[in-house]
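A look at the structure
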Number of protein chains: 2
Amino acid sequence: MNPASPLDNVRIVLSHTSHPGNIGATARAMKTMGLNKLYLINPKSFPDSEADARASNARDILETAHVCSNLEEALGDTFLAAALTARRRDLPHPTCNARQAAIELIRHAQHHPVALLFGRESAGLTAAEISHCQVTVQIPANPDCSSLNLAAAVQVMAYELRMVLEEDAAAHYFASRLPDAASLHEIEGLHYHLERVMIHSGFMDPDQPKHLMRRIRRLFARTRLEKEEVNLLRGLLTAVDPHNSSKS
Amino acid sequence: MNPASPLDNVRIVLSHTSHPGNIGATARAMKTMGLNKLYLINPKSFPDSEADARASNARDILETAHVCSNLEEALGDTFLAAALTARRRDLPHPTCNARQAAIELIRHAQHHPVALLFGRESAGLTAAEISHCQVTVQIPANPDCSSLNLAAAVQVMAYELRMVLEEDAAAHYFASRLPDAASLHEIEGLHYHLERVMIHSGFMDPDQPKHLMRRIRRLFARTRLEKEEVNLLRGLLTAVDPHNSSKS
């Protein structure tokens, strides 16, 4: 897939949005910066006249929005997913700021679909949602009032994505070769296979999983696994536990 | 005047705003980035419940907003005023982009009050209003759809102002708190253990190791393994191959 612009490979994913006005304002924020792929996971109300009104000239983005019933559907074929969060976590992913994240996303978007995931207006993303992403992104903000309006956060990220393309400084960055990255689907297959082996070997009690899988996800999220590495690790898992070469 | 932060010297000036919701959203955008001085020139409706609702936790900024009847009143004591505009003008001022403008504004705000002026939702600033400013600012945007929502434009500018102050910190971002990293000795122990299990399981032929261990080393080198992660992985290796819990 060779998009006309890397921005065509960047999808904005809104999870469980409560206010349809924010969906419309998100569409407008996207269009002003040249983004056009909107994914909505279980929006409370969509389509909605309030979304149309706030979208202004960006109703076409609402009309082509993908409404999904779960996160996997929205992220499945992406190669890099970044989670927006205002809060610190006990088990943090690698966290970068909006500007750093935009550079990384555009670098990948030259070759593959990538996603930026935004959570609920009230509570942001869940830990489970974040664990499906490889990067956590924070927009630098006032520590006493760090919660941007949802569409305002989209505007800042979309602006930073556009600025990457406008900045000469970033030009040399793209010259660096990107290894053949594993897709999220392939990485999920590895996680699932590993979980099966952990249970089968007695290492993990499925009734008391503790945070084992979350730790594993965090570890692999940092590495940006390549296709060949996923194949290597799955080959090893099959070798140590031949009765459990789970297909997924 | 020696402000605690240069951001205390930056005022946001909205001229003839039609929608009170945009005034509230502007207050929220400002507060999330640490700005607090809001000036309103002849707003259509203010105070207004819609402004309060959209301000969320930033109602204090609405309560201390200065309502002015003309531009001179709003800009009078500032030392630099920048006009936001999406359009090219016949007689253009020196024009800079949002990032360049933020640097210039913060430079002055370390010593004096400065202003960022935003026009009507429908038509932007008039030529007369722009002529009162020393700088014209454009937010880089999609040429086919360049009109950001008013509060979204404030959010981008406020974000860029904050980023000027955060950039030094950002440079050291990755040097900040490092989780309890594994020692090289611990990582070598993991490599050795993994190699034993790979051989014992038949996954790797010790006489024809190919580049397997080199690939594994490269993968883990990228992750910067933590102590707990090494312990977790070695625990798993022992579980899948109990006869090979090699001490090292």
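Residues numbered from 1 in each chain as written. Chains lettered and ligands numbered in written order. Predicted model: local features only at pLDDT ≥ 70, side-chain atom pairs only at ≥ 80, totals over all residues. Heavy atoms only, no water.

Within an unreviewed UniProt entry, the label attached to chain A reads tRNA (cytidine/uridine-2'-O-)-methyltransferase TrmJ, and the organism entered is Nitrosomonas eutropha. Listed under Subcellular location (unreviewed entry) in UniProt, the entry text for chain A is "Cytoplasm". Under the heading Subunit (unreviewed entry), UniProt records this for chain A: "Homodimer." (UniProt positions renumbered as here; feature names shortened; annotations may be inferred.)

Glancing now at the packing of helix H9 (residues 212-223) of chain A against helix H9 (residues 212-223) of chain B. Where H9(A) contacts H9(B), the axes come no closer than 7 Å and their chain directions differ by 100 degrees. The pairing of H9(A) with H9(B) is recorded here as roughly perpendicular in orientation. On H9(B), the residues that touch Leu219(A), Arg222(A) and Thr223(A) of H9(A) are Leu219(B), Phe220(B), Arg222(B) and Thr223(B). Looking at the contact of H9(A) with H9(B) residue by residue, the classes come out as 3 nonpolar, 2 polar and 2 charged. (Axes fitted to C-alpha atoms, helices over the stretch in contact; angles between N-to-C directions. Helix = DSSP H or I, 4+ residues; strand = E, 2+ residues; numbered from the N terminus. Parallel < 35°, antiparallel > 145°, perpendicular 65-115°, else oblique. Contact = heavy atoms within 4.5 Å. Nonpolar A, V, L, I, M, F, W, Y, C, P; charged D, E, K, R; others polar.)

A few words now on the nonpolar core. Grouped together as the largest cluster of nonpolar side chains are 91 residues, with contacts concentrated most on Leu38(A), Phe118(A), Ile139(A), Leu38(B), Phe118(B) and Ile139(B). In terms of residues, this core owes the most to one element, helix H7 (residues 150-166) of chain A, which gives 10 residues. If we skip the residues at most four places from it in the chain, Leu38(B) touches Ile12(B), Leu14(B), Ile23(B), Thr26(B), Met30(B), Ile61(B), Leu62(B), Ala65(B) and His66(B). One finds Ile187(A), Val197(A), Leu236(A) and Ala182(B) within the second-largest nonpolar core, a separate group that totals 38 residues. (Core = buried A, V, L, I, M, F, W, Y, C linked by side-chain atoms within 4.5 Å. Buried < 20%, exposed > 50% of the residue type's maximum accessible area, 1.4 Å probe, protein only.)

What follows concerns the sheet that holds strand S5 (residues 95-97) of chain A. Residues and elements named next belong to chain A. Here 7 strands make up an open sheet; going across it, the order is S3-S2-S1-S6-S4-S7-S5 and the pairing parallel. In this open sheet, the two edge strands, each paired with only one partner strand, are strand S3 (66-68) and S5. On average, each strand axis in the sheet is inclined to that of its neighbour by 30 degrees, with strand direction left out of account. Two strands pair when backbone bridges link them, and strand S4 (residues 80-84) and strand S7 (residues 135-138) are joined in this way by 3 bridges, in the parallel orientation. Paired with Leu-84 across the strands is Val-137, a residue of S7. Contacting strand S1 (10-15), S4, strand S6 (114-118) and S7, H7 crosses the sheet at an angle of about 155 degrees to S6. (Pairing = 2+ DSSP bridges.)

Bringing the confidence of the model for chain A into the picture now. Considering every residue of chain A, the mean pLDDT works out to 88; 90% of them sit at 70 or more. Scored below 50 in pLDDT, residues 172-177 of chain A shows 8 contacts in the model against residues more than four places distant or in partner chains. (pLDDT = per-residue confidence, 0-100.)

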